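Structural features, examined
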Amino acid sequence: MKENQIPKATAKRLPLYYRYLRILNNAGKKKVSSTELSEAVQVDSATIRRDFSYFGELGKRGYGYDVQDLMQFFAKTLNDDQMTNVALIGVGNLGSALLKYKFHQSNSIRVSAAFDVNPDIVGRIVDGIPVYPMTDMKEQIAIQQIDIAILTVPAQRSQDVVNELVEAGIKGILNFTPARITAPSDVLIQNVDLTNELQTLIYFLHSGSEGETIAE
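Residues numbered from 1 in each chain as written. Predicted model: local features only at pLDDT ≥ 70, side-chain atom pairs only at ≥ 80, totals over all residues. Heavy atoms only, no water.

**As for the side chain of T177**
Tracing the backbone through its elements, the reader meets T177 in the loop between β8 (172-175) and β9 (188-191). Only 2.7 Å separates the side chain of T177 from the side chain of N175, close enough to count as a polar contact. (Helix = DSSP H or I, 4+ residues; strand = E, 2+ residues; numbered from the N terminus. Polar contact = N/O pair within 3.5 Å; in protein donor to acceptor, adjacent residues only side chain to side chain.)

See the structure below:
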């Protein structure tokens, strides 16, 4: 991989490319062009070629890309060739819905533990995932070698929980709370604000952008 840092917009598109390459590989397709990829994933071919260029020569002009080789390359790039254990913090309405999501687009992501303060939930197995008390969080994160946490706790509790997660050794947090949390620079935070995304969609809907894909 080239030494220059990959832009965030490119990084966000990599799972999309990888998912479609897996579909092609399962269908027995050997070669794919940037134009074919463009039509399938709704990203223009020039952007695809630019995204791929950050990783060196992945294909030859006029010959297209080898589906299996490219799929395996992105599997390694996205660490999809290794199992990643994830913790879910907060088993409320949203947390429960996320537990039902089996991350079927990747065979290497597994929610292995959930944590909550509700005594009606703690100690149960919810959709195949054990729910532990918050007091066990640090211990279980260490035992299960968990690096990533999904945060769905009430906003007023989010920063305190983040501080505990950092102490436990978590390196990445997917934040579904409306709070803007902070952590040391070596801990990656990705915010998912569903209300903001919906309001953005409504804005574009009423601004005459129907039928278009909203760019990152």
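**What about the pattern of salt bridges?**
Following the criterion strictly, the structure yields 7 salt bridges and no others. Measuring nitrogen to oxygen at the nearest pair gives 2.6 Å for the salt bridge that ties K138 to E167. Residue K138 is located in helix α6 (residues 137-143), and its partner E167 is located in helix α7 (residues 155-168); the two are separated by 29 residues in the primary sequence. (Salt bridge = Lys/Arg side-chain N within 4 Å of Asp/Glu carboxyl O.)

**A look at the environment of T84**
Positionally, T84 belongs in strand β3 (residues 84-89). Sequence-wise, T84 and S108 are 24 residues apart; in three dimensions their C-alpha atoms are separated by 5.9 Å. When near neighbours in sequence (up to four residues on either side) are disregarded, T84 contacts S108, I109, R110 and I148. (Contact = heavy atoms within 4.5 Å.)

**Brief notes about the packing of aromatic side chains**
Tallying each qualifying case throughout the model produces 8 aromatic pairs. Relative to Y65, the ring of F52 has its centre 5.1 Å away and its plane inclined at 80°; by these criteria the two rings are edge-to-face. Of this pair, F52 sits in helix α3 (residues 45-53) while Y65 sits in strand β2 (residues 65-66), placing them 13 residues apart in sequence. For F52, a relative accessible area of 2% puts it in the buried group. For the ring pair F73 and F74, a centre distance of 5.5 Å and an interplane angle of 70° mean the geometry is edge-to-face. (Phe/Tyr/Trp six-rings, centres within 6.5 Å; stacked < 30°, edge-to-face > 60°. Buried < 20%, exposed > 50% of the residue type's maximum accessible area, 1.4 Å probe, protein only.)

**Let's talk about the packing of helix α1 (residues 8-26) against helix α2 (residues 34-41)**
One way to put it is that α1 packs onto α2 with a least axis distance of 11 Å and a crossing angle of 105°. Classified by the interaxial angle, the pair formed by α1 and α2 is roughly perpendicular. Contact with α1, carried on its side by L16, Y17 and Y20, involves L37, A40 and V41 of α2 and no other residues of that element. The class makeup of the residues in the contact of α1 with α2 is 6 nonpolar, no polar and no charged. (Axes fitted to C-alpha atoms, helices over the stretch in contact; angles between N-to-C directions. Parallel < 35°, antiparallel > 145°, perpendicular 65-115°, else oblique. Nonpolar A, V, L, I, M, F, W, Y, C, P; charged D, E, K, R; others polar.)

**Observations concerning the side chain of N175**
Tracing the chain through its elements places N175 in strand β8. Reaching out from N175, the side chain makes a polar contact with the side chain of N191 at a distance of 2.8 Å. With residues up to four places along the chain from it excluded, the contact list for N175 reads L151, R180, I181, I189, Q190, N191 and V192.

**Focus: the UniProt feature "binding site: NAD(+)" (unreviewed entry) in the protein chain**
The UniProt record marks G90, V91, G92, N93, L94 and G95 with the feature "binding site: NAD(+)" (unreviewed entry), using the residue numbering of this structure. Its location among the elements puts G90 in the loop between β3 and α5 (93-100). When its relative accessible area of 7% is taken as the criterion, G90 is described as buried. Here N93 is to be found in helix α5. (UniProt positions renumbered as here; feature names shortened; annotations may be inferred.)

**A few points about the nonpolar core**
One finds Y17, L21, V32, I48, F52 and F74 to be the most contacted residues of the largest nonpolar core, which totals 20 residues. Secondary-structure elements contributing two or more residues to this core are α1, α2, α3 and α4 (67-77). Apart from the residues within four sequence positions on either side, L21 is in contact with V32, V67, L70, M71 and F74. Membership of the second largest hydrophobic core comes to 19 residues, among which are A113, L151, V161 and L165. (Core = buried A, V, L, I, M, F, W, Y, C linked by side-chain atoms within 4.5 Å.)

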